[in-house]
Amino acid sequence: MLRVIREVKPTWVIGENVGGFLTIDGGLAFEQTCLDLETEGYEVQAFVIPAVAVNAPHRRDRVWIVANAAATRQRRAEREKENEEYVISSPHCDIVRPQEQGAREQTDRVGQFDEIIGDSE
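Procedures and definitions
Residues numbered from 1 in each chain as written. Predicted model: local features only at pLDDT ≥ 70, side-chain atom pairs only at ≥ 80, totals over all residues. Heavy atoms only, no water. Core = buried A, V, L, I, M, F, W, Y, C linked by side-chain atoms within 4.5 Å. Buried < 20%, exposed > 50% of the residue type's maximum accessible area, 1.4 Å probe, protein only. Helix = DSSP H or I, 4+ residues; strand = E, 2+ residues; numbered from the N terminus. Contact = heavy atoms within 4.5 Å. Expected span 1.5 Å × (residues − 1). Salt bridge = Lys/Arg side-chain N within 4 Å of Asp/Glu carboxyl O.

*Asks:* I'd love a proper account of the nonpolar core, names of residues and values included.
*Replies:* Counting residues in hydrophobic clusters, the biggest one holds 12 residues: I5, V13, F21, F30, C34, L37, Y42, V44, V63, I65, A67 and A69. Sorting elements by how many residues they give to this core places strand β3 (residues 61-69) first, with four residues. When sequence neighbours within four positions are dropped, the list of residues in contact with V44 reads C34, L37, E38, I65, V66 and A67.

*Asks:* Please give an account of helix α2 (residues 28-39) that cites residues and values.
*Replies:* In this model α2 runs 16 Å from its N-terminal to its C-terminal C-alpha over 12 residues, within 8% of the 16 Å that 1.5 Å per residue would give. Residues of α2 that are buried in the fold lie against α1 (2-8), β1 (12-18), β2 (42-50) and β3. Taken from the residues just after α2, G41 is the one with a positive phi, measuring 95°.

*Asks:* Can you tell me about the pattern of salt bridges, naming the residues and giving the values?
*Replies:* Applying the stated criterion to the full structure yields four salt bridges. Here E40 and R6 are joined by a salt bridge, their closest N and O atoms 2.9 Å apart. Pair noted here: E40 is in the loop between α2 and β2 and R6 is in helix α1, with a separation of 34 residues, a long-range link. Taking relative accessible area as the criterion, E40 reaches 30% and is therefore assigned partly exposed. A relative accessible area of 41% means that R6 is categorised as partly exposed. The residue D61 makes a salt bridge to R59 at a minimum N-O spacing of 3.1 Å. Taking the relative accessible area as the measure of exposure, D61 reaches 27% and is therefore partly exposed.

Printed below as a string of structure tokens:
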């Protein structure tokens, strides 16, 4: 997967694994995965979402790793700064309204996982 990420350089990477992934080799496999993505220029966030969160009849935890290209975030921040008065922000959604008349709204729901699973700590 890392080879493909290096070659394609997607803006977003979403990976899923079993709950035990967090403890393989004392957590080293998970840490190495996050380090590899960060080395490739991604900001990484991991979530544990149990199957019951989507109404499955069992717990079965799944580890989700969501990574976003850091350069993309920097460009977004620059765009927001240029259009400051047209940006509405909340913890779960940013709506950017460019100055051009008739431009369509762009919605970014990066934080939607927080809303779905709540604070896991």
